[in-house]
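Chain by chain, the residues:
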Amino acid sequence: MNLVSFSIKTKGPRNFARRLWTVFSRFGFSETRNRRSLETLIHELKPYQAAPTFFIPAVVLQRHPRLLADIEQAGAEIGIHGYVHNDYRQLSKDAQYTQTSRAIATFQQVKMPFQGFRNPYLGWSEDSVQVFTDLGFVYESNEAVLHDVVDQASLPPTILDGYQKSLALYRALSCTTYALRPHFEDTLLRIPTSIPDDEMLFDRLRITSGEEVGKLWSLVMQHVYELEGAYVLNLHPERGVLCRQALSILLRTATSQPRPVWITRLDEIARWWKERARFTFTLQQTAPGTWHIVADCTERATILARHVQLVEQPTTTRNEHEVSVEARSFTLEALQCPAIGVSPETPEAVLAFLHEQGYAALRASEEERASYAHYLHLPAGLGTSRSAQFEMRSDIIQQIEGLTAPLLRFACWPSGHQAALSISGDIDSVTIQDFFLRILEVGSV
Ligand SMILES: [Zn+2]
């Protein structure tokens, strides 16, 4: 399928005509206009000691190596956005492997470092996850989590139809605490992205005010903050001034929360999640109702405790039911062991999942059930299909978060941050020529 028919299918003919018109207003025949947009985004994040992550198709990088080298030098991270701008869901596993390898070779040839992959149209498949793992990517950022900030009932039918086409194209996941956090699948980290993105709001819903979009993104930020998640915003730098205004509102919201939000690049999130994956708690009962805890973790870790009494240890209030503990070795008193007990019949994957979520968790027999904050007996594991697993993982976290029982955990984010915010952008084209070359390129790989 070529770009025109694909765009018509996913965006509708009317939207495609609008898109064509906007191409001429957003791109130039030279790099100048896009260079300015990219530099503006970098400049916008500087006061927050932050930088964006951009994804670019390899063929576009190959045409603009100097520009991208400058952007990378200015502090941005560059990731791979396909060899050409196509939908991997239409490709066999072999074709995905070949095209991804070609993209890697192009990045290497122009000496552009990379760690992550984002698919055009967020179009990943089970094969993609395997291919990215086999080819050694550190992370991918494709799973789209939908935040319910748009009142769909109030939209006129044609607009609603376009919006729903986007939701279907991105296979939007419902927003749960689990969905908003990165997770490992084998060695590949999957960092979710949040929607609606700039295209859905400006092009699909035809919102014309940057301020209004900024307010919607701020609502998303608020939500992600409450759930201790990562807000990965995806925007297209070519939208320039509209995005800039919305972004500055979002950044102000992120930095005016009671606790700090970590504004950072996706490779930094990946580095942290890998560091955090090695953290462990050792709990030893020293007397009835008393445990000695040793946390094996780095300086950046935050240890959180709820419904326990720390013995001669200073703590800081973190939220209405948790305190943070500075020490890495301490004694506490509690009515139950402050960990999740996991039955011997429950597969190892469940324990690994609890561990990744930061909870203290250990094997315990059925007889010991009552002495744990929470006890999981899941002999069938987390489910067989991806969607069943998503539901179950989301439910388990919700259950645990709803407990009023003693529990220890590592916070999600480093150095006392409550949530993460990453500004990412897809550089689909730099110039008008790039935009039209996409049609030929997608058909020729
Ligand atoms: Zn794209």
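Residues numbered from 1 in each chain as written. Predicted model: local features only at pLDDT ≥ 70, side-chain atom pairs only at ≥ 80, totals over all residues. Heavy atoms only, no water.

As recorded by an unreviewed UniProt entry, the protein carries the name NodB homology domain-containing protein and is attributed to Ktedonobacter robiniae.

**Focus: the overall build of the protein**
Going by this rule: Secondary structure follows DSSP: runs of H or I at least 4 residues long count as helices, runs of E at least 2 residues long count as strands, and numbering of each begins at the N terminus. Between the two quantities, the radius of gyration covers C-alpha atoms and the globule rule is 2.2 Å times the number of residues to the power 0.38. Residue exposure (1.4 Å probe, protein chains only): buried if accessible area is under 20% of the type maximum, exposed if over 50%, otherwise partly exposed. Between two residues, a contact is recorded if the distance between any of their heavy atoms is within 4.5 Å. Under the convention used here, a 1.4 Å probe and the Shrake-Rupley method define accessible areas, while residue burial counts only the protein chains that appear. His is not counted, nor are the chain ends; Lys and Arg add positive charge and Asp and Glu add negative charge. Charge placement uses NZ in Lys and CZ in Arg. For Asp and Glu, CG and CD serve respectively.
Across its full length, the protein carries 15 helices and 23 strands. Relative to the globule expectation of 22 Å for 445 residues, the C-alpha radius of gyration of the protein, 23 Å, shows essentially globular dimensions. Viewed in the frame of its principal axes, the protein has a C-alpha envelope of about 75 × 50 × 45 Å. Taken across its 445 residues, the protein has 57% of its residues classed as buried. The long-range share in the protein, meaning contacts at least 24 apart out of those at least 6 apart in sequence, stands at 75%. A total accessible area of about 18,400 Å² is found for the protein, and carbon and sulfur atoms account for 53% of it. On the protein, the mean spot of the 43 positive side-chain charges and the mean spot of the 50 negative ones are 8 Å from each other.

**Here we look at the UniProt feature "domain: NodB homology" (unreviewed entry) in the protein**
Note the threshold: UniProt positions are given in the numbering used here, feature names are shortened, and annotations may be inferred rather than shown by experiment.
Annotation from UniProt places "domain: NodB homology" (unreviewed entry) at residues 39-138. The span residues 39-138 carries 48% helix and 10% strand; its end-to-end C-alpha distance comes to 26 Å.

**A closer look at the coordination of the zinc ion**
Selection criterion: Only nitrogen, oxygen and sulfur atoms within 2.8 Å of the metal, or 3.2 Å for Na, K and Ca, are treated as donors, and water is left out, so sites may look incomplete.
The protein atoms that coordinate the zinc ion are His81 (NE2), His85 (NE2) and Asp428 (OD), at distances spanning 2.1 to 2.2 Å. Summarised as a motif, the one-chain spacing of the donors to the zinc ion is H-x3-H-x342-D. Taken as a pair, histidine 85 in the loop between strand E2 (77-80) and helix H6 (93-109) and aspartate 428 in the loop between strand E23 (419-426) and helix H15 (432-444) lie far apart in primary sequence, 343 residues in all. Like aspartate 428, histidine 85 is buried.

**Focus on the packing of helix H10 (residues 210-226) against helix H11 (residues 241-255)**
This is how it is decided: Axis geometry follows a simple rule: fit a line to the C-alpha atoms, using only the stretch in contact for helices, then measure angles between N-to-C directions, giving values from 0 to 180 degrees. What makes a crossing left-handed is the near helix being turned counterclockwise from the far one by less than a right angle; a clockwise turn instead makes it right-handed. For this classification, the nonpolar set comprises Ala, Val, Leu, Ile, Met, Phe, Trp, Tyr, Cys and Pro, the charged set comprises Asp, Glu, Lys and Arg, and every other residue, Gly included, is treated as polar.
Packing of H10 against H11 leaves a shortest axis separation of 8 Å and a crossing angle of 35°. Pair H10 / H11 crosses with right-handed handedness. Contacts between H10 and H11 involve Gly210, Glu211, Val213, Gly214, Lys215, Trp217, Ser218, Met221 and Gln222 on the former and, on the latter, Leu242, Cys243, Gln245, Ala246, Leu247, Ile249, Leu250, Thr253 and Ala254. Class assignment of the residues belonging to the contact of H10 with H11 gives a composition of ten nonpolar, six polar and two charged.

**What to know about the sheet that holds strand E12 (residues 280-287)**
As a reminder, the rule being used: Note on pairing: DSSP must find at least two bridges between two strands before they are called paired.
The sheet built from four strands is open, its strands ordered E12-E13-E18-E15 with antiparallel pairing. The strands lining the two open edges of the sheet, one partner per strand, are E12 and strand E15 (309-310).

**Looking at the nonpolar core**
Spelled out, the test is: The term nonpolar core refers to a set of buried residues drawn from Ala, Val, Leu, Ile, Met, Phe, Trp, Tyr and Cys, joined through side-chain atoms within 4.5 Å. For the purposes of this description, domain bounds are those given by an automatic or database domain assignment.
Residues Phe54, Trp217, Tyr231, Leu250, Leu354 and Leu421 are the most contacted members of the largest nonpolar core, which totals 95 residues. With seven residues, H10 is the single largest residue contributor to this core. Shared between two domains, this core takes at least three residues from each, and those domains are domain 1 (3-259 + 419-444) and domain 2 (278-410). Every residue in contact with phenylalanine 54, bar those within four places of it in the chain, is listed here: Leu38, Leu41, Ile42, Ile71, Ala76, Glu77, Ile78, Gly79, Pro237, Gly425 and Ile427. By size, the runner-up hydrophobic cluster in this structure holds 40 residues, among which are Ile191, Ala301, Ala364 and Phe410.

**Quick notes on unusual backbone geometry**
Leaving glycine out, the prevailing phi sign among residues is negative, and the prevailing peptide bond configuration is trans. Of note, the bond from isoleucine 195 into proline 196 is cis; its omega dihedral lies within 30 degrees of zero at 10°. Despite not being glycine, arginine 171 shows a phi value in the positive range, around 45°. The exposure class of arginine 171 is partly exposed, given its relative accessible area of 36%. Look at aspartate 186: it is not a glycine, yet its phi comes out positive at around 60°.

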